[in-house]
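# Survey of secondary and tertiary structure
Here are the chains, one letter per residue:
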Amino acid sequence: MSEPIIRFDKVEKSFGAFNVLKDLDFEVAKGEKVTIIGPSGSGKSTVLRILMTLEDVTSGVVYVGGQPLWHEKKGERLVPASEAHLRKMRTQLGMVFQSFNLFPHMTVLRNLTEAPRVVLGLSKVAAKERADELLELVGLTEHAHKFPNQLSGGQQQRVGIARALAMRPKVMLFDEPTSALDPELVGEVLNVIRHLAEAHDLTMLMVTHEMRFAREISDRVCFFDQGRIREQGTPDEIFGNPKEKRTQQFLRAVTEAD
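Residues numbered from 1 in each chain as written. Predicted model: local features only at pLDDT ≥ 70, side-chain atom pairs only at ≥ 80, totals over all residues. Heavy atoms only, no water.

### Some thoughts on helix α3 (residues 108–118)
The line we're drawing: Here the term buried applies to any residue with accessible area under 20% of the maximum for its type, exposed to any over 50%, and partly exposed to those in between, with areas from a 1.4 Å probe on protein chains only. Starting at the N terminus, helices and strands are each numbered in turn, a helix being any DSSP run of H or I of at least four residues and a strand any DSSP run of E of at least two. Here, two residues are considered to be in contact whenever any of their heavy atoms come within 4.5 Å of each other.
Where α3 is concerned, the buried positions are Val 108, Leu 109, Asn 111, Leu 112, Thr 113 and Pro 116. Packing partners of the buried residues in α3 comprise α4 (124–137) and α5 (153–165).

See the structure below:
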């Protein structure tokens, strides 16, 4: 077995007295599509925020591509990571947020070319070529020179996906990518993610409340509850025959809410 591309080793995360992640062991293999489901407050989005270095860990170690994320090796010891180390590690991960997070004062094209030029050192021509390919991938070629406020929510989220891909990440993280969208716009975003899952060898880690979609695109589904993985398995195992009573209760509740 090759080294997992993501590994959480005995990770704890607390906000004051509230323990969000509890002694979490969690791995994602290279090229695997993993979806995290669970109730609010179960720690799902915290996993992604730790990977994006938006939240640090209280204890334990997170590894990305075999390297510690929030720590650096000093001889045989692990010490807290420097900003330079965090910056280097971030380039391996692309994040698609709930709320789009596009730069409002930049055109769609510049939203896609800015980071590859500034962070990766791509030339203007190379960055534009990459952006043009990605805009075609997400079906927004004709919107390249518009500003985010001229786009629908679904279009903005598709730009967000293209912008994350522009950095050529090893892992794509999706944090409830459709939760801020009107229901009729959800499908266009899910179609782009579905295409990525089917056509590319990307590692994908997604938190979503879209259960049907999770069943369709995932290699593995993890049910989080109270900061731990309560149950995990193939989509058919988790959605078709969950073993844990708590998983059954959660799935019954979200199915009835649909």
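Following the structure, the description resumes.
### Considerations on the UniProt feature "domain: ABC transporter" (unreviewed entry) in the protein
Stated formally: UniProt positions are given in the numbering used here, feature names are shortened, and annotations may be inferred rather than shown by experiment.
Cross-referencing UniProt, the feature "domain: ABC transporter" (unreviewed entry) maps to residues 6–251 in the present numbering. Taken end to end, residues 6–251 has its terminal C-alpha atoms 26 Å apart, with 37% of it in helix and 28% in strand.

### Observations regarding the packing of aromatic side chains
Put simply, the rule is: When two rings of Phe, Tyr or Trp (its six-membered ring) have centres within 6.5 Å they constitute a pair, described as stacked for plane angles under 30 degrees, edge-to-face for angles over 60, and tilted for the intermediate range. Two conditions define a charge sitting above a ring: the NZ of Lys or the CZ of Arg must be within 6 Å of the ring centre, and it must be within 35 degrees of the ring normal.
Applying the stated criterion across every chain, the model contains 3 aromatic pairs. Measuring from centroid to centroid gives 5.2 Å for Phe 223 and Phe 250, while their planes differ by 35°, and the two rings are tilted. Taken together, the positions of Phe 223 in strand β11 (residues 220–225) and Phe 250 in helix α9 (residues 245–257) put the pair 27 residues apart, joining distant regions of the chain. A connected cluster of aromatic rings, assembled from ring pairs, spans Phe 8, Phe 26 and Phe 224. Sitting above the plane of the Phe 15 ring, Lys 13 keeps its charged end 4.8 Å from the centroid. Positioned over the ring face of Phe 103 is Arg 163, at 5.3 Å from the centre of the ring.

### A short note on helix α2 (residues 83–90)
For clarity, the cut-off: In this description, one arc is meant: the one made by directions from the helix axis to the C-beta atoms.
Buried residues of α2: His 85, Leu 86 and Met 89, and no others. In a view along the axis of α2, the buried residues occupy a sector of 100°, so they form one face of it. Buried residues belonging to α2 abut β4 (59–64), β5 (67–68), β6 (71–74) and β8 (93–96).

### Observations concerning the sheet that holds strand β2 (residues 18–28)
For clarity, the cut-off: One requirement defines pairing of two strands: DSSP has to find at least two bridges between them. Note on geometry: axes are C-alpha line fits, over the in-contact stretch for helices, and angles between N-to-C directions span 0 to 180 degrees.
Strand order across the open sheet formed by 4 strands is β2-β1-β4-β5, with antiparallel pairing between neighbours. The open sheet terminates on both sides in strands that have one partner only, identified here as β2 and β5. In the packing of helix α1 (residues 44–51) onto the sheet, contacts are made with β1 (6–15), β2 and β4, and the angle to β1 comes to roughly 110°.

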